[in-house]
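Structure at a glance
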Amino acid sequence: MEIQNVIVFCMELMGTVAFAASGAMTGVNCGMDVFGVCVLGVITAVGGGMTRDVILGNVPGALTRPVYVIAAVATAVAVFAASYFKRHLLQGAVGILYDRVMLIMDSIGLGIFTVMGVMTGIGQGYIDNTFLLTVLGTLTGVGGGLLRDMMAGQPPYIFVKHIYACASVVGAVSCVYMYRIFGQIPAMVTASVLIIGIRFLAAHYHWNLPRIEIEE
């Protein structure tokens, strides 16, 4: 069990850093100051989990274990500093590489936080409620990004571009059933990889859900 706890903690920390970097860059691109960048980084990293905990009637874990908030702030400051002093590096071929790195980090964060949401629900005794576990997983995965975009005054990414929330839903459902058959770690790893794979394919092939184009 101790090894499992270490693995879970490392996955949570990876997801926190990945989402914090995504939120921080949104703040940088919106012209926010360092405080705004930090707020966006933190809300992206822990916002979904805090919302999940409130639904479950718990004190948000980000408040009782501030290590995740500290990691998010540190990541956001690092992103701000890199952008402030080396802003010219994000142009040309390096800019394309940067976009790909951000896609990878955002996809990793989505995968990790989705399965963490499912596991939190299971830990609360809802192992038999597939629908609730799927909602908790999806909310944990996309909730931070949704809050980030709303605070930045942008159309929420999950509603307008590529397959995002759907990847989280598929991963959450697979995580629930994998847990019932194979246990915690296999379920978490498999579902995370599935979500990341769907996100990569969606970005590469420009998969989008049908929508109505409004003429000007």
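Relevant structure appears above.
Note that the structure is a prediction, hence the values are computed from the model and not measured.

Structurally, T44 can be placed in helix α2 (residues 34–55). By relative accessible area, T44 is classed as buried at 1%. A polar contact is formed between the side chain of T44 and the backbone oxygen of L40, at a distance of 2.6 Å.

We now examine helix α9 (residues 184–205). A rise of 1.5 Å per residue sets the reference length of α9, with its 22 residues, at 32 Å; its end C-alpha atoms lie 32 Å apart and thus fit the reference within 8%. Looking one or two places after α9, you find H206, whose phi comes out positive at around 55 degrees.

The next thing to look at is the side chain of T16. Counting through the fold element by element, T16 comes out in helix α1 (residues 2–29). Look past the residues within four positions of T16 in its chain and what remains in contact with it is A45, Y68, A71, A72 and F113.

Okay, the packing of α2 against helix α4 (residues 67–85) next. Remark: α2 packs on α4, axes separated minimally by 8 Å, with the N-to-C direction vectors making an angle of 135 degrees. Considering the angle they form, α2 stands oblique to α4. Here α2 and α4 pass one another in a crossing that is right-handed. Across the interface between the two elements, V34, V37, C38, G41, V42, A45 and V46 of α2 pack against Y68, V69, A72, V73, A76, V77 and F80 of α4.

Take the pattern of salt bridges next. Scanning the model with the defined rule gives two salt bridges in all. The partner of D53 in a salt bridge is R52, and the shortest N-O contact between them spans 3.1 Å. Judged by its relative accessible area of 10%, R52 falls in the buried class. A salt bridge links R148 to D149; the shortest N-O distance between them is 3.0 Å. A relative accessible area of 7% means that R148 is categorised as buried.

Cut-offs applied
Residues numbered from 1 in each chain as written. Predicted model: local features only at pLDDT ≥ 70, side-chain atom pairs only at ≥ 80, totals over all residues. Heavy atoms only, no water. Helix = DSSP H or I, 4+ residues; strand = E, 2+ residues; numbered from the N terminus. Buried < 20%, exposed > 50% of the residue type's maximum accessible area, 1.4 Å probe, protein only. Polar contact = N/O pair within 3.5 Å; in protein donor to acceptor, adjacent residues only side chain to side chain. Expected span 1.5 Å × (residues − 1). Contact = heavy atoms within 4.5 Å. Axes fitted to C-alpha atoms, helices over the stretch in contact; angles between N-to-C directions. Parallel < 35°, antiparallel > 145°, perpendicular 65-115°, else oblique. Left-handed = near helix turned anticlockwise from the far one by under 90°. Salt bridge = Lys/Arg side-chain N within 4 Å of Asp/Glu carboxyl O.

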